[in-house]
Amino acid sequence: MKKILSIVFLFGLFLTTGLQAFADDAADAKAFFENYVKAANSYSPTIEKMYSPNAKIIRQVVKPDGGLVDVTTDTATYMKQMKLGQAGAKLRNYKNNYTDITVTKSGNGYKVSSLRQPSGETYKLKTYMILTKQPDGKWLITEEMMQTKQQIFLKYANKK
């Protein structure tokens, strides 16, 4: 009986320790996301360092008829496009507000999903980021999907 109780106790201890590590990493991923939002809304140059050099960037264009078109790009191209758009956005004091934030385990990282409301708009758009903890403990965005109603992105869509 003592042996069974010891096994149950050790199993419970391992389970609790594993859940605590999950909770800590999930909390860290959410804190990283919150820092990302602050950096993006203040046009901080640190935003570039938050992305993996080989991140998958998806802009999901919401067409006027409700259809969706995924436009995928690489990190370097995205950073160039972001820098070009920042000047005008800063003049307009453009910011994004994020709500309904959830963090779930996804592969070797965490998926942070939310709804994004662009400043001056009444609608909300889906977004998610896959955050991966690096061996040095630093978190990086390895995948990002943001819906947009900006139809200009369609010119970058792959024609099939």
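Rules behind the numbers
Residues numbered from 1 in each chain as written. Predicted model: local features only at pLDDT ≥ 70, side-chain atom pairs only at ≥ 80, totals over all residues. Heavy atoms only, no water. Helix = DSSP H or I, 4+ residues; strand = E, 2+ residues; numbered from the N terminus. Buried < 20%, exposed > 50% of the residue type's maximum accessible area, 1.4 Å probe, protein only. Areas by Shrake-Rupley, 256 points an atom, 1.4 Å probe, with all protein chains shown as cover. Pairing = 2+ DSSP bridges. Core = buried A, V, L, I, M, F, W, Y, C linked by side-chain atoms within 4.5 Å. Contact = heavy atoms within 4.5 Å. Axes fitted to C-alpha atoms, helices over the stretch in contact; angles between N-to-C directions. Polar contact = N/O pair within 3.5 Å; in protein donor to acceptor, adjacent residues only side chain to side chain. Salt bridge = Lys/Arg side-chain N within 4 Å of Asp/Glu carboxyl O.

Broken down by element type, the protein carries two helices and six strands. Classification of the 160 residues of the protein by burial places 32% in the buried group. Looking at the protein as shown, the accessible area adds up to about 10200 Å², and 60% of this sits on carbon and sulfur atoms.

For strand β1 (residues 51-62) and strand β2 (residues 68-73), the ladder comprises six bridges, and the chain directions are antiparallel. Counted as the bridge partner of I57 is T73 from β2. Taken together, β1 and the strand that follows it, β2, pair antiparallel across an intervening segment of five residues, in which G66 is found at a positive phi of about 95 degrees.

This part takes up the nonpolar core. Judged by nonpolar contacts, the single largest core of 23 residues is most densely connected at Y36, I47, M50, Y51, L131 and I141. Going through the elements one at a time, α1 (2-41), β1, α2 (75-91), β4 (109-118), β5 (125-133) and β6 (139-148) are the ones with two or more residues in this core. Here this core gets seven residues from one element, more than from any other, and that element is α1. Leave out the neighbours within four places in its chain, and Y51 touches Y36, I57, T75, Y78, M79, L140, I141 and E144.

Here six strands make up an open sheet; going across it, the order is β2-β1-β6-β5-β4-β3 and the pairing mixed. If you trace the sheet from one side to the other, it starts and ends with β2 and β3 (96-106), each paired once. Neighbouring strand axes in the sheet, compared pairwise and without regard to direction, differ in orientation by 20 degrees on average. The pairing of β4 with β5 spans seven bridges and is antiparallel. Bridge pairing in β5 places S114 opposite T127. This element, α2, spans β1, β2 and β6 of the sheet and lies at about 65 degrees to β1.

Moving on: the pairing of β5. Of all nine residues making up β5, seven are buried, and the element is well covered by its neighbours. Linking β4 back to β5 in an antiparallel pair, the connection comprises six residues, with G120 at a positive phi of about 85 degrees. Here β5 runs beside β6; their pairing, made up of seven bridges, is antiparallel. Each residue of the ladder has a partner; that of I130, found in β6, is E143. What sits between β5 and β6 in their antiparallel hairpin is a turn of five residues, with G137 showing a positive phi close to 95 degrees.

This part is about the environment of K124. Among the structural elements, K124 can be located in the loop between β4 and β5. Placed 25 residues apart in sequence, K124 and T99 show a C-alpha to C-alpha distance of 8.9 Å. Looking at K124, its side chain comes within polar contact range of the side chain of T99, at 3.2 Å.

The final tally for this structure, using the stated rule, is three salt bridges. K133 serves as the salt-bridge partner of D25, at 3.2 Å between the closest nitrogen and oxygen. Placement of the pair is D25 in helix α1 and K133 in strand β5, with a sequence separation of 108 residues. Taking the relative accessible area as the measure of exposure, D25 reaches 22% and is therefore partly exposed. On the accessibility criterion, K133 (36% relative accessible area) is partly exposed. As a salt-bridge pair, R59 and E144 come within 2.7 Å of each other at their nearest N and O atoms. A residue pair is termed long-range when its members are at least 10 positions apart, and R59 in strand β1 and E144 in strand β6 qualify at 85 residues. Each member of the pair, R59 together with E144, is buried.

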